[in-house]
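As a plain string of letters, each chain reads:
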Amino acid sequence: MDHKTIKESIRTVKDFRLLLLADRYRPGYHFAMPEGFGLPGDPNGAFYANGRYHLMYLYENCTSATGAFNWGHISSHNLVHWRHHPDALVPSDGDNGAFSGGAFVDEDGTAYISYSSLATNIETMAGGGVGIARSSDRHYEQWEKFDTLAIQSTVNGITEVVGKNGEHVYAGSCDPSNIWKKDGVYYMQTGNLCVLGKYGRSEDSPLEARGDWTDLFQSTDLKKWTYVDRFYERDRTNKWTQESEDDMCASFFPLPLSGQGGAPSGKYLQLFISHNKGCQYYIGEYSENRFLPESHGRMTWVDRAFAAPEALMDDKGRQIVWVWIIDNLEDESSFGWSGVYSLPRTVWLGEDHTLRMAPVDELAMLRYNAKQFPAVALSDGDKLELDGINGLSSEIKLTIAPGSARRTGLKVRTSPDEEEVALLYYDAETKALVFDSTRSGAGGWKAREAAPFQLKDAEQLELTVYIDRGVIEIFANERQAIARRVYPERLDSTGVYLFSEGGTASFETIEVWEMMPSNPY
């Protein structure tokens, strides 16, 4: 590259960096795509090895003439500050790159990523299927695709296989899960969206073809894979999910007993996305090559804004999860980028056998300019501004005795006249944690999202809220959480207020920290 070309490249990079730094909605400490368009923007290929957390991000390479799909690659030793690597997966052999998948690290330290291989014709997926790539250098910077696909698609993410009883089976061959190893055998799930779309959506389709499930494949060498059976069956009695829902982007790991990791609980977590209902999960037993769901929960309730998940297990035994927070991607196309992930959260099994969740402890290293406010009781209709804090980038911790209040919580990204406001609160009547973004600006998906959540007798409400420009997350008592994106248009929509409605609530502790951006721009 000659000197003139280098100077032009530097100027282009600097101009683009300044463009992103001026973006009012680009978050500072939630991971955001460095450039290009996350459509889809799934987190993929997460694993922990050699002292680092590795995470892949799916994006459309807008510099490519074919609009191919790549896997970007970042790593971190603290889950907060990330180093960019060369892309892990790029187009090769005439394909259009890759869609979603998972990761696995074998005993010898070799890392493997499983992915949906896209053939030249994306609509038919002719020649596509499930591929595997490996890396064994110290920081996993060079990835080599296997010469042949692990599972070859027959058509559009479907492969025809023979079942355990000799029957003809249409199995999924896209969006593979993480690989795991048991008794010397490797296992991998595949998603069912394409099978469901082709065979399970008509009125006369058989019951077993409807709704969510995954298929299980096994291998002894990671190269030749054979069909085992369906990994789990949808529970048609409890009707946890609907017949229209699929299971894609699955991750499958043991649940620890603590948010700090440690001993496994004996239960497993199946995380996945259904494309019409968003991120959700099952908790259950794993035995004899079958997953047996015992309970079900969702991570998004009104739309699919909390979308595709990805998880890993670290050296402490923690299961850590990221989720793509999707929004109106057509609006974002003018920004020069799209794609935002939730904060990394640790998940574990509670004593009542329900899922617990909390942001990872490492996020505390971003705190500075700590402020504590005195305890205060607010009556019906009262509100109190938290003066002198950064309403664009903060972590807020509240301990609240809800008292007689029907609704109590926070108003954030608020203009002085409340023309623009995002409401975050506990609704004691409906027993729900609520994120109301219906007045948070003209752009994006507007919704009143209500997550099931009920305080126990005499239990205080413990809220942790992260404000990060256009991204807001709220966690309640380590039992529930909601994350959404907002697009306030007014420059003065930076106010943060405590409020109470329908009665009196006592705010016992009020702690606020400004948050240092960890994204470089």
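In this report, the structure presented in the accompanying data block is examined. Within any chain, residue numbers begin from 1 and follow the written order of that chain's sequence. With pLDDT at 70 or above as the cut-off, local features in this predicted model cover only qualifying residues; side-chain atom pairs require 80 or more to be listed or tallied, and sums for whole chains, interfaces and linings still use all residues. Values shown for side chains rest on all heavy atoms present in the structure; no hydrogens or waters enter the calculation.

1. Regarding the sheet that holds strand β22 (residues 319-325)
Right, on to step 1. Strand pairing is assigned whenever DSSP identifies at least 2 bridges connecting the two strands. Helix and strand labels come from DSSP, where a helix needs a run of H or I of at least four residues and a strand needs a run of E of at least two; each type is numbered from the N terminus. The strand order across the open sheet built from four strands is β21-β22-β24-β25, with neighbouring strands paired in antiparallel fashion. Bordering the open sheet on either side are β21 (306-313) and β25 (355-359), each of which pairs with just one other strand. When strand polarity is set aside, the average angle formed by the axes of neighbouring strands in this sheet is 35 degrees. Geometry is summarised by axes, namely lines fitted to C-alpha atoms with helices restricted to the contacting stretch, and by angles between N-to-C directions that run from 0 to 180 degrees.

2. Re the environment of D87
Right, on to step 1. By the secondary structure assignment, D87 is in strand β5 (residues 83-89).
Right, on to step 2. With 54 residues separating them in the primary sequence, D87 and E141 have C-alpha atoms 8.2 Å apart.
Right, on to step 3. Contacts described as polar in this section are N or O atom pairs within 3.5 Å, which, within protein, must combine one atom able to donate a hydrogen with one able to accept it, while residues neighboring in sequence count only if both atoms come from side chains. A polar contact of 2.9 Å, which involves the side chain of D87, links it to the side chain of N70.

3. Thoughts on the packing of aromatic side chains
Right, on to step 1. Here is the rule: rings of Phe, Tyr and Trp (six-membered ring for Trp) pair when centre to centre is within 6.5 Å. Planes less than 30 degrees apart are stacked, more than 60 are edge-to-face, and the remainder are tilted. Taken as a whole, this structure holds 34 aromatic pairs when the rule is applied.
Right, on to step 2. Relative to F231, the ring of W180 has its centre 5.5 Å away and its plane inclined at 50 degrees; by these criteria the two rings are tilted. You can see W180 sitting in strand β13 (residues 180-182) and its partner F231 sitting in strand β16 (residues 226-232), a full 51 residues away along the chain. In terms of burial, W180 and F231 fall into one category: buried.
Right, on to step 3. The structure contains a cluster of three or more aromatic residues connected by ring pairs, namely W180, Y187, F231, Y232, W240, F252, Y268, F272, Y282, Y286 and F291.
Right, on to step 4. Of note, R26 hangs over the ring of W337, and the distance from its end group to the ring centre comes to 4.7 Å.
Right, on to step 5. Stacked on the ring of F146, the Lys or Arg K223 has its end atom at 5.9 Å from the ring centre. We call a residue buried when its accessible area falls under 20% of the maximum for its residue type, exposed when it is over 50%, and partly exposed in between, using a 1.4 Å probe and counting protein chains only. Ring-over charges, as used throughout, are those where CZ of Arg or NZ of Lys falls within 6 Å of the ring centre and within 35 degrees of the ring normal.

4. A closer look at the sheet that holds β16
Across a sheet, strands are paired by hydrogen bonds formed along the backbone, either parallel or antiparallel in direction.
Right, on to step 1. Reading across the sheet, the four strands line up as β13-β14-β15-β16 and stay open at both edges, with antiparallel pairing between neighbours. Both outer strands of the open sheet, β13 and β16, are each paired with one neighbouring strand and no more. Adjacent strand axes in the sheet meet at a mean angle of 35 degrees, parallel and antiparallel pairs treated alike.
Right, on to step 2. Two strands pair when backbone bridges link them, and strand β14 (residues 185-190) and strand β15 (residues 214-219) are joined in this way by five bridges, in the antiparallel orientation. Considered in β15, the bridge of Y186 is made with S219.

5. As for the state of the cysteines
Right, on to step 1. The criterion for a disulfide is a pair of cysteine sulfur atoms lying within 2.5 Å. This model, assessed by the stated rule, comprises zero disulfides.
Right, on to step 2. Considering cysteine sulfurs only, C194 is the nearest to C174, which forms no disulfide, with 3.9 Å between them.
Right, on to step 3. Under the relative-accessibility criterion, C174 is labelled buried at 5%.
Right, on to step 4. C249 takes part in no disulfide bond, and the closest cysteine sulfur, belonging to C174, lies 9.2 Å away.
Right, on to step 5. You can call C249 buried: its relative accessible area is 7%.

6. Brief notes about the environment of H296
Right, on to step 1. For H296, the location among the structural elements is in strand β20 (residues 290-298).
Right, on to step 2. As for H296 and D235, which are separated by 61 residues in sequence, their C-alpha atoms are 9.7 Å apart.
Right, on to step 3. The contact rule is simple, with two residues in contact once any of their heavy atoms fall within 4.5 Å. When near neighbours in sequence (up to four residues on either side) are disregarded, H296 contacts W240, T241, Q280, Y281 and Y282.

7. Some points on the pairing of strand β19 (residues 278-287)
Right, on to step 1. For β19, the buried fraction is high: eight of the ten residues fall into the buried class.
Right, on to step 2. Pairing of strand β18 (residues 261-274) with β19, which is carried by seven bridges, proceeds in the antiparallel orientation. Looking at β19, one finds that S274 is bridged to G278.
Right, on to step 3. Between β18 and β19, which follow one another and run antiparallel, lie three residues.
Right, on to step 4. As paired elements, β19 and β20 share eight bridges and run antiparallel to each other. The residue bridging I283 from the neighbouring strand is S295, located in β20.

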